[in-house]
Amino acid sequence: MKTILDLDTGIDDALALAYALGSPELELIGVTGTYGNVLMKDGVANDLSLLDLFGRQDVPVFHGEPHASTKDGFEVLEISAFIHGRNGIGEVDLPASQRSVDERGAVDFLVDSVREHGDDLVIVATGPMTNLAAAIDRDPEFAANARIVIMGGALTVPGNVRPWAEANINQDPEAADKLFRSGADVTMIGLDVTLQTLLTYEETKQWRELGTEAGRVLADMTDYYIKAYDTTAPHLGGCGLHDPLAVGVAVDPSLVTVIEHNMKVDVDGETRGRTIGDEVRLNDPEKNVKVAVGVDVERFLSEFMSRIGSVAARG
């Protein structure tokens with residue numbers, strides 16, 4: 001299946017990229033950049049360098065929207081820099097790629113790809129939903145024909161940046177609300193399930209022991225991520241595999257248990273950024289969002305280690 005990753009790279013975005021490249025079921029046709037863990041331009045630079053590292057210089061990368069749909073600029077939050085490092089990849093030093101981004105912008109690439117591939121394409125979005133909302137605005141048919149898996153939101157647990165709000169949704173609540181209300185086929189992989197999928201130093205040690213540069217880089221950046229979790233969420237005992245789980249579900253939807261719902265995002269008031277059922281469409285027989293509420297942790301972690309390991313072993 002053809003796949004586009006919409007990333008704000010980001011350590012767990014880097015792991016999501018490796019997961020996709022290690023999944024024979026997926027044909028990665030492009031990476032679209034967004035902002036969030038880092039500035040959009042820095043995330044795109046990370047994508048190019050990581051694709052070089054993984055030996056996949058054939059995958060094009062596209063500049064996306066640099067800030068939220070209702071704002072004029074973006075600054076990286078201090079907590080994001082603490083968790084992911086100032087460079088987004090745990091302060092690991094990667095050579096700058098000699099490749100350039102594609103001339104087309106991310107939004108045009110998303111629209112064109114959905115027009116061309118339809119049901120044979122899945123978009124996995126692991127940052128703010130700004131690029132997707134812009135694609136909905138650009139093409140009236142985009143929402144009706146796109147199949148999208150997002151890492152974002154929280155339905156049955158609190159948020160991770162505010163009591164009601166998860167980080168990706170909180171960056172651009174209006175964009176996420178537009179996506180949920182658009183009728184697009186969306187699967188929401190939120191904190192409800194991602195915080196059940198944890199990685200520890202025992203797993204990253206396996207990548208380091210491969211003796212490859214890719215294995216070392218993946219281990220170093222993920223150890224940085226785990227160390228940040230030791231400070232911000234010591235009760236978990238590891239780091240959450242947020243973005244890789246979204247890719248895992250794109251490969252195999254049976255990894256998660258879902259409820260079908262019509263969702264919205266609060267865009268005003270104290271609960272701004274909250275993902276919750278849309279009371280206006282509560283009794284609508286057509287439900288466009290599948291919300292993950294359970295995950296087969298053991299099977300996912302096994303798939304994760306196998307697929308990331310195959311990429312780490314190559315270079």
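Residues numbered from 1 in each chain as written. Predicted model: local features only at pLDDT ≥ 70, side-chain atom pairs only at ≥ 80, totals over all residues. Heavy atoms only, no water.

## A word on the packing of aromatic side chains
Within the structure shown, the criterion is met by seven aromatic pairs. Ring geometry for Tyr-225 against Tyr-229: centres 5.2 Å apart, planes inclined by 75 degrees, an arrangement best described as edge-to-face. Of this pair, Tyr-225 and Tyr-229 both sit in helix H11 (residues 213-232), separated by four residues, roughly a single helical turn. Neither residue differs from the other here; Tyr-225 and Tyr-229 are each classed as buried. (Phe/Tyr/Trp six-rings, centres within 6.5 Å; stacked < 30°, edge-to-face > 60°. Helix = DSSP H or I, 4+ residues; strand = E, 2+ residues; numbered from the N terminus. Buried < 20%, exposed > 50% of the residue type's maximum accessible area, 1.4 Å probe, protein only.)

## Examining the UniProt feature "domain: Inosine/uridine-preferring nucleoside hydrolase" (unreviewed entry) in the protein
UniProt's entry tags residues 4-301 with the feature "domain: Inosine/uridine-preferring nucleoside hydrolase" (unreviewed entry), counted in the numbering of this structure. A helix fraction of 40% and a strand fraction of 17% characterise residues 4-301, whose end C-alpha atoms lie 22 Å from each other. (UniProt positions renumbered as here; feature names shortened; annotations may be inferred.)

## Brief notes about the nonpolar core
Inside soluble globular proteins, nonpolar side chains tend to come together where they are buried. By size, the foremost hydrophobic cluster in this structure holds 69 residues, and its most contacted members are Leu-17, Phe-54, Ile-189, Trp-207 and Phe-304. Once you skip the residues sitting within four places of it in the chain, Leu-17 turns out to touch Leu-5, Leu-7, Leu-28, Val-31, Leu-50, Leu-51 and Phe-54. Counting 35 residues, the second-largest nonpolar core is a separate cluster that includes Ala-106, Val-107, Ala-133 and Met-188. (Core = buried A, V, L, I, M, F, W, Y, C linked by side-chain atoms within 4.5 Å. Contact = heavy atoms within 4.5 Å.)

## Focus: the side chain of Asp-47
Of note, Asp-47 is situated in helix H2 (residues 40-53). Of the side chains with opposite charge, Arg-99 comes closest to the buried, unpaired Asp-47, at an N-O distance of 9.1 Å. Leave out the neighbours within four places in its chain, and Asp-47 touches Leu-7, Thr-9, Val-31 and Val-61. (Lys, Arg positive; Asp, Glu negative; His and termini not counted. Salt bridge = Lys/Arg side-chain N within 4 Å of Asp/Glu carboxyl O.)

## A look at the pairing of strand S12 (residues 289-295)
When you tally the buried positions in S12, you get five out of seven residues, the bulk of the element. For strand S6 (residues 185-189) and S12, the ladder comprises three bridges, and the chain directions are parallel. Bridging from a neighbouring strand, Thr-187 pairs with Lys-290 of S12. Both strand S9 (residues 256-261) and S12 contribute to a ladder of six bridges, which runs antiparallel. For Val-256, the partnering residue across the bridge sits in S12 and is Val-295. (Pairing = 2+ DSSP bridges.)

## Quick notes on the sheet that holds strand S5 (residues 147-151)
Reading across the sheet, the eight strands line up as S3-S2-S1-S4-S5-S6-S12-S9 and stay open at both edges, with mixed pairing between neighbours. Strands with a single pairing partner mark the edges of an open sheet, and in this sheet they are strand S3 (61-62) and S9. Its contacts with the sheet put helix H1 (residues 11-21) on strand S1 (2-7) and strand S2 (27-33), and the angle it makes with S1 is roughly 170 degrees. (Axes fitted to C-alpha atoms, helices over the stretch in contact; angles between N-to-C directions.)

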